[in-house]
Structure formats: C-alpha cells, structure tokens
Amino acid sequence: WAWALVPAGHLTQILEMHCTPVHLFTAVLSAVLFAVHMPVTAGTDCEVCVANLEAIDKLLDAKQKASKEAIVEAIDQHCGDLQNAKPNKALGPKDVKMCYYMLPIKRAIAQPFSTRKPKERVCKDLKKQNPEICEVKYPAKVEGELNLLVAGEDRLRHRHVARG
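Residues numbered from 1 in each chain as written. Predicted model: local features only at pLDDT ≥ 70, side-chain atom pairs only at ≥ 80, totals over all residues. Heavy atoms only, no water.

Caption draft 1: Summary view of the overall build of the protein. Broken down by element type, the protein carries 8 helices and 2 strands. Its helices and strands in sequence order give the protein the pattern α-α-α-α-β-β-α-α-α-α, from N to C terminus. The buried share of the protein, reckoned over its 164 residues, is 32%. As displayed, the protein has an accessible area near 10300 Å², and 59% of this comes from carbon and sulfur atoms. (Helix = DSSP H or I, 4+ residues; strand = E, 2+ residues; numbered from the N terminus. Buried < 20%, exposed > 50% of the residue type's maximum accessible area, 1.4 Å probe, protein only. Areas by Shrake-Rupley, 256 points an atom, 1.4 Å probe, with all protein chains shown as cover.)

Caption draft 2: Representation of the environment of Glu47 within the structure. Among the structural elements, Glu47 can be located in helix α3 (residues 47-58). Through-space distance from the C-alpha of Glu47 to that of Lys137 is 6.4 Å; in sequence the pair is 90 residues apart. Non-local contacts of Glu47, meaning those with residues more than four positions away in its chain, are made with Val136, Lys137 and Tyr138. (Contact = heavy atoms within 4.5 Å.)

Caption draft 3: Summary view of the confidence of the model for the protein. Confidence in the prediction for the protein averages 78 pLDDT; 60% of positions are at 70 or higher. Of the regions scoring below 50 in pLDDT, residues 35-42 engages in 11 contacts with residues more than four places distant in sequence or in other chains. (pLDDT = per-residue confidence, 0-100.)

Caption draft 4: Region of interest: the nonpolar core. In terms of nonpolar packing, the biggest core is built from 30 residues, with Cys49, Leu53, Ile56, Ile75, Met98, Met102 and Ile133 touching the most fellow members. Of all the elements in the fold, those that place two or more residues in this core are α3, α4 (68-79), α5 (93-102), α6 (106-114) and α7 (119-129). Considering every element that reaches this core, the biggest residue donor is α4, with 6 residues. (Core = buried A, V, L, I, M, F, W, Y, C linked by side-chain atoms within 4.5 Å.)

Caption draft 5: How the structure looks around the pattern of salt bridges. Evaluation of the coordinates by the stated rule reveals 9 salt bridges. Across the pair Asp57 and Lys65 runs a salt bridge, and its minimum N-O distance is 3.4 Å. Classification of Asp57 as buried rests on a relative accessible area of 15%. The exposure class assigned to Lys65 is partly exposed, which follows from its relative accessible area of 22%. Here the salt bridges do not stand alone but share partners, grouping Asp45, Lys124, Lys127 and Lys137 into one network. (Salt bridge = Lys/Arg side-chain N within 4 Å of Asp/Glu carboxyl O.)

Caption draft 6: Local environment of α7. Listing the buried residues of α7 in full gives Lys119, Val122, Cys123 and Leu126. The buried side chains of α7 occupy one side of the element, clustering within an arc of 95° when seen end-on. Where α7 is buried, its residues contact α3 and α6. (Arc of directions from axis to C-beta.)

Caption draft 7: Expanded view of the state of the cysteines. A complete count under the given rule lists 3 disulfides for this structure. Disulfide partner of Cys46: Cys134, at an S-S distance of 1.6 Å. On the sign convention where negative is left-handed, the bridge of Cys46 and Cys134, at about 90° about the S-S bond, is right-handed. Of the two residues, Cys46 is situated in the loop between α2 (21-36) and α3 and Cys134 in the loop between α7 and α8 (145-163); the sequence distance between them amounts to 88 residues. (Disulfide = S-S within 2.5 Å.)

Caption draft 8: Geometry of the packing of aromatic side chains. Evaluated as defined, the whole model comprises 0 aromatic pairs. One cation-aromatic arrangement involves Lys119 over Phe113; the distance from NZ or CZ to the ring centre is 5.1 Å. (Phe/Tyr/Trp six-rings, centres within 6.5 Å; stacked < 30°, edge-to-face > 60°. Lys NZ or Arg CZ within 6 Å of the ring centre and 35° of its normal.)

Caption draft 9: Representation of the side chain of Asp95 in the model. Position of Asp95 among the secondary structure elements: in helix α5. We note that Asp95 is buried and unpaired, the nearest opposite charge coming from Lys94 at a distance of 10.0 Å. Polar side-chain contacts of Asp95 include one of 2.5 Å to the side chain of Tyr138. Ignoring any residue separated from it by four or fewer positions in sequence, one finds Asp95 in contact with Val48, Asn52 and Tyr138. (Lys, Arg positive; Asp, Glu negative; His and termini not counted. Polar contact = N/O pair within 3.5 Å; in protein donor to acceptor, adjacent residues only side chain to side chain.)

The following block contains the structure:
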C-alpha cells in the first residue's frame, strides 16, 4: 500500500521502471483508492440560485435593471412556461428546479434585484424564506488530476502489452 503514498506525478515514473503485472495491478488499485479520496470542487453556497440570477441579469439592459416589471418578465423569459411543462430548453435540470422555486416569488426577487443588491445576498435572503433555494447544487466535478492519472495508466498498460 506504499504506492498510495506516492505523489501522482511520480507514480508514472516509478511504474515505468518496475512495470510487472503485479506492480501494474498494485498501481491501478492504488490510483483507484487515491481517487476516492481526491478533493472535489466544492460548489459555493446557493450556486444554482446565483447562476440563474446572473443569467436573468444578462437578459436585461442597463435601463431595465432598475425596473421590477422588467425583472419579472426576464425571470419568465429565462425560465420558460413551467405551468404548461415547457421550460426553457437551454436550462439544465438543476436550473429548471431553481425556476420552480423562483417563479412563485418572482416579485420578491425583483425588489432587491432592482436595487442592484449582489446576487449572493439576494439568494441568502431568499434562503430565509425558503431554505430549499440554496440546497440545489450542480453536480460535483472531480479535479483534473484524476484524468491525468488514468491517462498515464492507459499509456503504461499499452507499453506492458507491447513488451509482453
């Protein structure tokens, strides 16, 4: 299990020097165990809410950003027609879920939004009314080091087969 303690950058070099089937199996197993403990990019609090408010903000020009009615219309445009099961096709499933939370309170969103309150603060205030607003998260993404490690193992496996 000492292989699990070796930094990922050095694992490829070590495997190239001692590439036997047992070593290759141990390296792959260690890499899998290492991947389980790899850090995951943590989403910010209220990330889906903030992302949707940013998208709504982009639909408004400078004059409309102070108008509550224009903001309400932009929320409707961003989300699509959820009452008739026709959400905006450009939205992902988490964004559609956020729209289901936002549409009933779109006037409450428009008030602080029109005063140009930061999006994070708007979402935190909405969280006080409905905690589910900030519970919606985008799927976590594992950092890129795992992909590099797997690519290096594939390369070594091909070398091992060629030596075979």
